[in-house]
Amino acid sequence: MKLAIVVGHNARAQGAVRPDTGETEWAWNTRLAGMIEDLADEYPGIEVKTFFRNPALRSTTAEIRDVYRRTDAWGATATNELHFNSHHNPGATGTETLTSGSKLSLRYAEALQDEMLEALGLRDRGEKIVRTGRGSASLISGRAPAALIEPFFGSSPNGQQATDEPHEMRSLARAILRATQQVFT
Ligand SMILES: [Zn+2]
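Remember, it's a predicted structure, so these values are computed and weren't measured experimentally.

Asks: Any chance you could explain the overall build of the protein chain here in plain terms?
Replies: The number of helices and strands found in the protein chain is 6 helices and 6 strands. Of the regular secondary structure in the protein chain, the N- to C-terminal order runs β-α-β-α-β-β-α-β-α-β-α-α. A compact globule built from 185 residues would reach a C-alpha radius of gyration of about 16 Å, and the protein chain, at 15 Å, matches this within 12%. The dimensions of the protein chain, computed from C-alpha atoms along their principal axes, are 40 × 40 × 30 Å. Taking all 185 residues of the protein chain together, the buried fraction comes to 44%. Considering only contacts in the protein chain between residues 6 or more positions apart, those separated by 24 or more positions represent 77%.

This is the structure in structure tokens:
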């Protein structure tokens with residue numbers, strides 16, 4: 001199977017910043033994507049490729065259409081868009097996964113959610129079926145079943161502590177690969 005990893009946001013508008021390290025969603029998730037690619041060899045049957053949004057396009061909608069057109073052209077079996085959450089209240093914490101609600105997208109979201117909870121040990125905010133507004137375009141623009149993950153809140157001390165060590169990022173990468181393996185191989 002072919003897993004397309006889409007890094008959320010873009011090099012110019014990098015998304016939320018985690019105050020503990022100053023790292024943005026785009027930068028942190030670019031590293032996570034690299035780790036998923038490196039570890040994919042250990043998961044037979046999964047081929048991984050990372051896709052980035054093109055900041056030169058005229059709108060967010062155009063960027064999202066363009067990146068999912070490229071995951072389709074590659075022949076993705078599934079797509080997973082990487083983010084992390086942020087809130088002005090540092091007490092907001094936990095792991096959530098967005099899904100379009102289609103059968104396979106939902107199964108994938110459930111598997112990702114289970115594996116990420118085990119890897120990070122954060123609060124279970126559940127799978128969220130999103131059909132309009134923030135995140136929805138990423139879930140419906142490509143042909144493949146899609147998920148969008150928010151493994152932690154970068155604004156939360158809990159979320160920061162669970163994800164600031166290389167071995168923690170590695171467990172998250174493995175969680176994503178295991179969930180992908182369960183649903184699509
Ligand atoms: Zn984001």
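Next comes the rest of the account.
Asks: Help me out: how do you make sense of helix α1 (residues 25-39) in this one?
Replies: Along an α-helix, residues three or four apart share an orientation, since each turn contains 3.6 residues. With 15 residues, α1 ought to run about 21 Å at 1.5 Å a step, and its terminal C-alpha atoms sit 21 Å apart, in line with that. Among all positions of α1, only Glu25, Trp26, Trp28, Asn29, Leu32, Ala33 and Ile36 are buried. Taken down its axis, α1 places every buried residue within 160° of arc, on the same side. Buried-residue contacts for α1 involve β1 (2-7), β2 (47-52), β3 (78-82) and α6 (166-184).

Asks: Just to check I follow, could you spell out the environment of arginine 107 for this structure?
Replies: Its location among the elements puts arginine 107 in helix α3 (residues 103-120). For the pair arginine 107 and aspartate 20, spaced 87 residues apart in the sequence, the C-alpha separation amounts to 33 Å.

Asks: I keep staring at the pairing of β3 and nothing clicks. Help me out?
Replies: Two faces belong to every sheet, and in a regular strand the side chains alternate between them. Counting buried positions over the 5 residues of β3 gives 5, a clear majority of the element. Both faces of β3 are covered, namely the face carrying Ala78, Asn80 and Leu82 and the face carrying Thr79 and Glu81. As defined by bridge partners, β1 adjoins β3 across 5 bridges and the pair is classed as parallel. When the bridges of β3 are listed, alanine 4 appears paired with threonine 79. Sheet topology places β3 next to strand β6 (residues 146-150); 4 bridges connect them, and they run parallel. Residue pairing for β6: leucine 82 is matched across the bridge by isoleucine 149.

Asks: Sorry, what's going on with the nonpolar core here?
Replies: Across soluble globular proteins, nonpolar side chains have a tendency to be buried as a group. Membership of the largest hydrophobic core comes to 47 residues, with the highest contact counts inside it found for Ile5, Ile36, Tyr108, Leu112, Ala147, Leu172 and Ile176. Elements supplying a minimum of two residues to this core: β1, α1, β2, α2 (60-74), β3, α3, β6 and α6. Ignoring sequence-local partners within four residues, the contact set of leucine 112 consists of Thr97, Ala147, Ile149, Ile176 and Ala179.

Asks: What is the right way to read the sheet that holds β1 from this model?
Replies: The strands making up a sheet are joined through hydrogen bonds of the backbone, oriented either antiparallel or parallel. With mixed pairing, the 6 strands of this open sheet are ordered in space as β2-β1-β3-β6-β4-β5. The sheet terminates laterally at β2 and β5 (124-129), the two strands that pair on one side only. The mean inter-strand angle of the sheet, taken between neighbouring strand axes irrespective of direction, is 20°. Sheet topology note: the strand β4 (residues 95-99)/β5 ladder contains 5 bridges and is parallel. Bridging across to β5, leucine 98 finds its partner in lysine 128. Seen against the sheet, α2 touches β1, β2 and β3 and runs at an angle of roughly 165° to β1.

Asks: How should α3 be read in this particular structure?
Replies: Helix length check: α3 (18 residues) gives 26 Å between terminal C-alpha atoms against 26 Å at 1.5 Å per residue, within 8%. Turning to α3, its buried residues are Ser105, Tyr108, Ala109, Ala111, Leu112, Gln113, Glu115, Met116, Ala119 and Leu120. Backbone geometry just downstream of α3 places glycine 121 in the positive-phi region, at approximately 70°.

Asks: In this structure, what is going on with unusual backbone geometry? I would like to understand it.
Replies: Most peptide bonds take the trans configuration, and most residues that are not glycine carry a negative phi. Phi at histidine 9 takes a positive value of approximately 65°, unusual for a residue other than glycine. Relative to the helices and strands, histidine 9 is located in the loop between β1 and α1. In this structure histidine 9 comes out as buried when scored by C-beta crowding, with 22 C-beta atoms within 10 Å.

The rules we used
- Residues numbered from 1 in each chain as written.
- Predicted model: local features only at pLDDT ≥ 70, side-chain atom pairs only at ≥ 80, totals over all residues.
- Helix = DSSP H or I, 4+ residues; strand = E, 2+ residues; numbered from the N terminus.
- Rg over C-alpha atoms; globule rule 2.2 N^0.38 Å.
- Buried ≥ 20, exposed ≤ 12 C-beta atoms within 10 Å, placed from the backbone.
- Contact = placed C-beta atoms within 7 Å.
- Expected span 1.5 Å × (residues − 1).
- Arc of directions from axis to C-beta.
- Pairing = 2+ DSSP bridges.
- Core = buried A, V, L, I, M, F, W, Y, C linked by C-beta atoms within 7 Å.
- Axes fitted to C-alpha atoms, helices over the stretch in contact; angles between N-to-C directions.

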